[in-house]
Amino acid sequence: MTDNLSWVKTHCARMDHGGCSVWVGVKDNRIVKIKGNPDGFLNQGYVCPKGLASKDRLTDPRRLKYPLKRKGKRGEGQWERISWEEALGRITDNLNRVRDLYGARAVAFCQGMPKGMEHFVLIRLANIFGSPNLVAVQDVCHAPREVSGIHTCGFYPVVDFHHPSQLVVAWGSNVTRTNEEGEICSLLLQQVRNGTELMVVDPRKTDLARKARYWLQIRPGSDNALALAFLNVIIEEGLYHKDFVDNWTYGFADLAARVQAYSPERMSGVTWISPELIRESARFYAHARPAAIQWGNPIEHNINVFDTARALTALMAVCGNLDVPGGNIQANEPNIARLGSFVRADLIPGKPKEMIHAYHNTIPRLMTVPPSFFKRAVLNETPYPMKAAYMQCTNPLLTWANSQETQNTLEKLNFLAVSDIFMTPTAAFSDIVLPAATQFEFNDIGHYGLGHGYILARPKVVEPPDECWPDMKILNELGKSLTSGRYWFDDYEGFLEAVLEPSGLSYREFVEQGYLKGEHRFEKYRSKGFKTPSGKVELALSKPEKLNVQALPEFVGLPEAEDPEYPLVLTSAKSPHYLHSSYRWVDSLRRLNPVPLVEMHPDTAEAHGISEGHEVLIETRKGAIVQTARFRKDLDPRVICAAYGWWFPESGAETQYDWKRSNLNMLTSTRTLGRAFGTPNLKGICCRLKKK
Ligand SMILES: Nc1nc2c(c(=O)[nH]1)N[C@H]1C(S)=C(S)[C@@H](COP(=O)(O)OP(=O)(O)OC[C@H]3O[C@@H](n4cnc5c(=O)[nH]c(N)nc54)[C@H](O)[C@@H]3O)O[C@H]1N2
Ligand SMILES: Nc1nc2c(c(=O)[nH]1)N[C@H]1C(S)=C(S)[C@@H](COP(=O)(O)OP(=O)(O)OC[C@H]3O[C@@H](n4cnc5c(=O)[nH]c(N)nc54)[C@H](O)[C@@H]3O)O[C@H]1N2
Ligand code: SF4
Ligand SMILES: [Mo]
């Protein structure tokens, strides 16, 4: 590297869950170039278009640079620049006022997708402040698989990509495009080159589906039915791992009796996959040892998620794939601070009973409030009034189901403060906007608390512009003014040292090392049993009444009953060029994907008189939005796949950035929610198309 740049090694972040090791070339406090690091243990040199463009978000002239106070009405777009001192003072006064009048629990602390350490510092602030209400998107993102896993087998089963698998099943996971939780496709693709087989369960023909031995083109929203049909075949044909089932599972006979009802022949009508293909692929999964299921987000995007997650964990268990190399494992964490102690969970022991969702009888161990229940609390004061919110790294007007209801919620709050790097539709509804520093502009640790058994160094590369502060610093200072100073550090980097302390490394030493990974340890149950009430994998739950759920997974119907007036099935997938609602304002990315595209089969388009490249209306019982038609011959003609997260920064504050026009969550509803996690239907929704 001989150019005039100085090169810093760090990890890409905040463009997805992060994880690619990168070399960053810097000149005069400006990032000039980003390259993949061939030695990166997860990415092996790979970087995606978002990673390459990630430097451009730092230098955009429209970025937020100073704290702002709202002048006009909410959403009017009129702001006054204020000092940090005034901003923190106003937030402190308002949150304290609400605490005095309604109790600390009336203040919500909201986070979107966890992007780095700030997530855990926010939980810490909420706990110290005394509010149990950390509102986050986990109801549709990872909590269902984690919590269902914990209740079924005592841990969250993640794929072990570090050892060879005979088969990897990408079940609703577009991992080569989404880099799900940093499980970067490089490791998987390496395995595929070495002979690992692929099976893909996805309505769209993804990159992996093209390489796969089996592609199961599933009807969106019917994963539950397919997983149960797999169990039916494997159990009826005696293909399960008898030794493991005999010694290490609880309730096998009950499960076997339950899944008798779900033959491939019967479930074929629901899933739109032929009985032969279901049978053959279920057999293939059973015979491949080890096999790993990489489960994706769409499993968690409908009200049946608990049953789906239970059925998938049962599949892993009965086929002997739990906690074996190359299977679905309990990742062993390195020696770092435990989450509970970092977030000071000890200060708020009554939290599980006090959180808003406890009132809705959700499953124990769901530690963040589902947004839909938060909104009900604000709007209807059930179970108690919620009056103020502090939000960071999130854009709920775009990302929470039922956007109109979200707008009503934001408008009803007495006080709202938002920390972001750009003025978003959500920030536009707040009272105070805080300008955050972002990736490359501060020292951070990646993957803490994600459950994959490693943490990654994300050292600072450049100074943040103007008055931008890292969220950790904002929270540290807010913590000091809002709560007792003894829980906070002189400098926010104290958080990083605190996480690393048990390892004996300083942050500097950690950066030199690049990452910390727990040692591989498998089949831990042999000495300790599974961490469940029965000590075994609970195929039938031994204490379902304690969890407010059914003992056995079941299929009770599609997430939404078919609706003749809305005959098409709506789903979506993450754009490879954006993160959720973020970065439509990064020109280099916008050029790659300028408008929201809804994918449909050409026959479907023709039946509606729609031409490719033209705008169309997508309608559900909830609302209508506009996106641009794009044809895909490999999509089922009964399905359309819309783009998600769209607003138009270029439309300006006067139009509130046109945030309703193409926003997928204008079409989603929060009326029916999954029992265990409060999950709404985001996929498998009845819809129709109209020519515009
Ligand atoms: N219909 C539908 N809804 C969905 C989904 C779906 O597939 N379909 N997916 C769901 C899932 S899986 C998730 S995780 C959620 C995501 O929901 P959100 O987390 O709300 O979505 P993001 O677009 O990631 O919002 C992030 C905001 O953080 C800002 N940001 C980026 N970096 C920083 C930073 O360093 N500091 C601060 N303070 N702000 C920063 C961005 O500018 C952006 O405005 O959406 C969920 N909603
Ligand atoms: N580029 C990019 N990467 C991201 C994100 C992003 O917004 N953009 N978001 C990050 C976050 S927070 C998350 S949680 C992960 C999510 O990462 P993934 O789990 O990969 O999520 P999705 O892209 O929502 O969906 C994956 C696949 O499921 C398919 N699918 C749609 N409906 C269904 C269905 O009903 N059943 C099945 N079986 N498949 C279906 C889609 O066609 C898609 O190919 O990605 C992370 N990475
Ligand atoms: S896959 Fe994710 S971590 Fe890797 S370069 Fe792209 S955005 Fe960054
Ligand atoms: Mo997510």
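Starting from 1, residues in each chain are numbered consecutively following that chain's sequence as written. By the order in which they are written, chains take letters starting at A while ligands take numbers starting at 1. Given that this is a predicted model, residues contribute local features only at a pLDDT of at least 70 and side-chain atom pairs are listed and counted only at 80 or more, while totals for whole chains, interfaces and linings are drawn from all residues. Side-chain calculation: all heavy atoms of the structure are included, whereas hydrogens and water are not.

1. What about the packing of aromatic side chains?
Within 6.5 Å between ring centres, the rings of Phe, Tyr and Trp (the latter by its six-membered ring) count as paired, and their orientation is classed by plane angle as stacked under 30 degrees, edge-to-face over 60, tilted in between. Per the stated rule, a full pass over the model turns up 26 aromatic pairs. Here the aromatic rings of Phe244 and Phe530 are separated by 6.1 Å at their centres, their planes lie at 85°, and the arrangement is edge-to-face. Of the two residues, Phe244 is situated in helix α9 (residues 242-248) and Phe530 in the loop between α22 (525-528) and β21 (537-538); the sequence distance between them amounts to 286 residues. Throughout, exposure labels follow a simple rule: accessible area from a 1.4 Å probe, protein chains only, divided by the maximum for the residue type, with under 20% read as buried, over 50% as exposed, and the rest as partly exposed. Taking relative accessible area as the criterion, Phe530 reaches 6% and is therefore assigned buried. One aromatic cluster is present, built from ring pairs that chain together Phe120, Phe342, Tyr448, Trp488, Phe489 and Phe495. Our definition puts a charge over a ring when NZ of Lys or CZ of Arg is within 6 Å of the ring centre and also within 35 degrees of the ring normal. Against the face of Phe342 rests Arg124, its NZ or CZ located 5.6 Å from the ring centre. Above the ring of Trp272, the side-chain terminus of Arg638 is found at 3.7 Å from the ring centroid. Helix and strand definitions follow DSSP, with helices as H or I runs of at least four residues and strands as E runs of at least two, each counted in order from the N terminus.

2. As for the site of ligand 1
Being near a molecule or strand, for a residue, means having at least one of its heavy atoms within 4 Å of it. Taken together, 32 residues sit near ligand 1, with Met113, Thr394, Thr399, Asp420 and Asp471 positioned nearest. Polar contacts here mean pairs of N or O atoms no more than 3.5 Å apart (in protein, one a potential hydrogen donor and the other a potential acceptor; neighbouring residues in sequence count only if both atoms are side-chain atoms). Note that an oxygen atom of ligand 1 is positioned 2.9 Å from one of the side-chain N or O atoms of Ser582. Calculation on ligand 1 without its partners gives an accessible area of 920 Å², and the protein chains cover 99% of this total. For this classification, Asp, Glu, Lys and Arg are treated as charged, while Ala, Val, Leu, Ile, Met, Phe, Trp, Tyr, Cys and Pro are nonpolar and the rest, including Gly, are polar. In terms of residue class, the shell around ligand 1 is built from 13 nonpolar, 13 polar and 6 charged. Taken together, domain 2 (68-140 + 356-517) and domain 4 (568-691) each give at least three residues to the shell around ligand 1, which thus spans both. Only the protein chains shown count as cover for residues, and the accessible areas themselves come from Shrake-Rupley with a 1.4 Å probe. Domain delimitation in this document rests on an assignment produced automatically or drawn from a domain database.

3. Regarding the domain arrangement of the protein chain
By the assigned domains, the protein chain splits into domain 1 (6-54), domain 2 (68-140 + 356-517), domain 3 (157-329 + 522-547) and domain 4 (568-691). Centre-to-centre separation of domain 1 and domain 3, based on C-alpha positions: 33 Å. In this description, contact between two residues means that some pair of their heavy atoms is separated by no more than 4.5 Å. Residue-level contacts link 10 residues of domain 1 with 12 residues of domain 3. We define buried area as the total accessible area lost by two parts upon association, computed with a 1.4 Å probe and summed across both. Here domain 1 meets domain 3 over a buried area of about 870 Å², counting both sides, of which 54% is carbon and sulfur. For the domain 1 face of the interface with domain 3, the top three residues by lost area are His17, Leu42 and Gln44, together amounting to 52%. Across the domain 1-domain 3 interface, the total number found is 2 residue pairs in polar contact (both at pLDDT 80 or more). Broken down by class, the residue content of the side of domain 1 that touches domain 3 amounts to 4 nonpolar, 5 polar and 1 charged.

4. Considerations on the site of ligand 3
Near ligand 3, the surroundings consist of Cys12, Met15, Asp16, Gly18, Gly19, Cys20, Val47, Cys48, Lys50, Gly51 and Asn179. For the shell around ligand 3, the class distribution of residues is 5 nonpolar, 4 polar and 2 charged.

5. Quick notes on the pattern of salt bridges
Working definition: two side chains of opposite charge can pair if their charged atoms are close together. Counted as salt bridges are all cases of a side-chain nitrogen of Lys or Arg within 4 Å of a carboxyl oxygen of Asp or Glu. Under the criterion given, the structure shown has 42 salt bridges. The salt bridge involving Arg81 is made with Glu467; its shortest N-O contact spans 3.2 Å. Separated by 386 residues along the polypeptide, Arg81 in strand β5 (residues 79-81) and Glu467 in the loop between β19 (454-458) and α19 (471-482) bring together distant segments of the chain. The exposure class assigned to Glu467 is partly exposed, which follows from its relative accessible area of 25%. A salt bridge links Glu237 to Arg279; the nearest nitrogen and oxygen atoms lie 3.1 Å apart. Of the two residues, Glu237 is situated in the loop between α8 (223-236) and α9 and Arg279 in helix α12 (residues 275-287); the sequence distance between them amounts to 42 residues.

6. Let's talk about a positive patch on the surface
Residues Arg338, Arg365, Arg521, Lys528 and Lys531 make up a contiguous surface patch of positive charge. Along the chain, Lys528 falls in helix α22. Given the relative accessible area of 72%, Lys528 is considered exposed. Only residues whose relative accessible area exceeds 30% and that form no salt bridge are eligible for patches; like-charged ones are grouped when within 9 Å, while nonpolar side chains (Val, Leu, Ile, Met, Phe, Trp, Tyr) are grouped when within 5 Å. Charged-residue counts in this description rest on Lys and Arg as positive and Asp and Glu as negative, His and the chain ends being excluded. A charged residue contributes its charge at one atom only: NZ of Lys, CZ of Arg, CG of Asp or CD of Glu.

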